[in-house]
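Descriptive analysis of the structure
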Amino acid sequence: MTRAPFQVLVLPYAVGANDEILYGVFQRDQSTGGYWQALAGGGEADETPIEAAQREAEEEAGIPADRTMVPLETRTSIPTEHFPEAEWADEVDVVPEYAFAVRVDPEAVRLSDEHADHRWVPYEEARELVRWDSNRTALWELHRRLSRER
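The notes below deal with the structure included here. The structure presented is a predicted model; accordingly, all values stated were derived computationally and were not measured. (Residues numbered from 1 in each chain as written. Predicted model: local features only at pLDDT ≥ 70, side-chain atom pairs only at ≥ 80, totals over all residues. Heavy atoms only, no water.)

1. Structural notes on the overall build of the protein
Rule in force here: Secondary structure is summarised from DSSP: a helix means a run of H or I of at least four residues, a strand means a run of E of at least two, and numbering begins at the N terminus for each. Every radius of gyration here is taken over C-alpha atoms, with the globule rule written as 2.2 Å times N^0.38, N being the number of residues. Only protein chains enter the accessibility calculation, which uses a 1.4 Å probe. A residue is then buried if its area is under 20% of the maximum for its type, exposed if over 50%, and partly exposed in between. Calculation of accessible area relied on Shrake-Rupley with a 1.4 Å probe; when residues are assessed, cover is drawn exclusively from the protein chains displayed.
Broken down by element type, the protein carries three helices and seven strands. Along the protein, helices (α) and strands (β) appear in the sequence β-β-β-β-α-β-β-β-α-α when read from the amino end. For 150 residues, the compact-globule formula gives about 15 Å, and the C-alpha radius of gyration of the protein, at 15 Å, lands near that figure. A principal-axis box enclosing the C-alpha atoms of the protein has dimensions of 50 × 30 × 30 Å. Out of the 150 residues belonging to the protein, those deemed buried represent 47%. Accessible area for the protein stands at about 8100 Å²; split by element, carbon and sulfur atoms hold 45% of it.

2. Some points on the pattern of salt bridges
What counts, and what does not: By definition, a salt bridge exists where a carboxyl oxygen of Asp or Glu is found within 4 Å of a side-chain nitrogen of Lys or Arg.
Within the structure shown, the criterion is met by seven salt bridges. For Glu-141, the salt bridge is made with Arg-145, and the minimal N-O distance between the two is 2.9 Å. Of this pair, Glu-141 and Arg-145 both sit in helix α3 (residues 133–148), four residues apart, roughly one helical turn. Judged by its relative accessible area of 22%, Arg-145 is partly exposed.

3. A look at the nonpolar core
Definition in use: Throughout this description, the term nonpolar core refers to a set of buried Ala, Val, Leu, Ile, Met, Phe, Trp, Tyr and Cys residues connected via side-chain atoms within 4.5 Å. Contacts are assigned to residue pairs with any non-hydrogen atoms lying within 4.5 Å of each other.
Core analysis: the largest hydrophobic core is formed by 20 residues, its most contacted members being Leu-9, Leu-11, Tyr-13, Tyr-23, Leu-72, Leu-139 and Leu-142. Taken together, the elements giving at least two residues each to this core come down to β1 (3–15), β2 (21–28), β6 (94–103), α2 (123–129) and α3. The dominant element in this core, judged by the number of residues it contributes, is α3, at four residues. Not counting chain neighbours up to four residues away, the residues in contact with Tyr-23 comprise Pro-12, Tyr-13, Arg-119, Trp-120, Val-121, Pro-122, Tyr-123, Ala-126, Leu-139, Leu-142, His-143 and Leu-146. Formed by 19 residues, the second largest nonpolar core is a distinct cluster that contains Phe-6, Phe-26, Ala-52 and Ala-53.

4. As for α3
As a reminder of what qualifies: Multiplying 1.5 Å by the helix residue count minus one yields the expected span of that helix.
Taking 1.5 Å of rise per residue, 16 residues should cover 22 Å, and α3 covers 23 Å from first to last C-alpha, within 8% of that figure. Looking at α3, one finds that the buried residues are Ser-134, Asn-135, Arg-136, Ala-138, Leu-139, Glu-141, Leu-142 and Leu-146. Of the surrounding elements, those touching the buried residues of α3 are β1, β2, β3 (36–37), β5 (70–79), β6 and α2.

5. So, unusual backbone geometry
Phi angles above zero are rare outside glycine, and Asn-18 is one such case at about 60 degrees. In the Ramachandran plot, Asp-19 falls in the positive-phi region, its phi being about 60 degrees despite a non-glycine side chain.

6. Focus: helix α1 (residues 49–61)
The terminal C-alpha atoms of α1, which comprises 13 residues, lie 18 Å apart, in line with the 18 Å expected from a rise of 1.5 Å per residue. Turning to α1, its buried residues are Ala-52, Ala-53, Arg-55, Glu-56, Ala-57, Glu-60 and Ala-61. As for α1, its buried residues are in contact with β1, β2, β4 (39–44), β6 and β7 (115–121).

Given below as structure tokens:
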């Protein structure tokens, strides 16, 4: 499958006891760094970013593709040196990363082999766990939106 020149970030969240908002964070397996992050992956062929987000969420965490993906405003650019296998890596310098949120039932999440572990944690803990600034920014935006809705 041809890799599209963009990346997606998917932030699963749930509303727990006492209406506490919990965020799903995922630990990569040790062969790919072992760090914590939201769900992430690249687009394929002619997928749109939202289609890629739905597919990645289903592949990496068993989140059904029919769950509503909420586009976030958070965007970042990722250097193509992180994607040396991509056919366009020599022609493109950076690719955009599009962020999405999806409300899920934590009990329904099923990890793929890409992840060693996952946790459902409050906002502050999620911000501390994730490695990438883009994850922290997207978490901030999502938490702000959800807090405003209360």
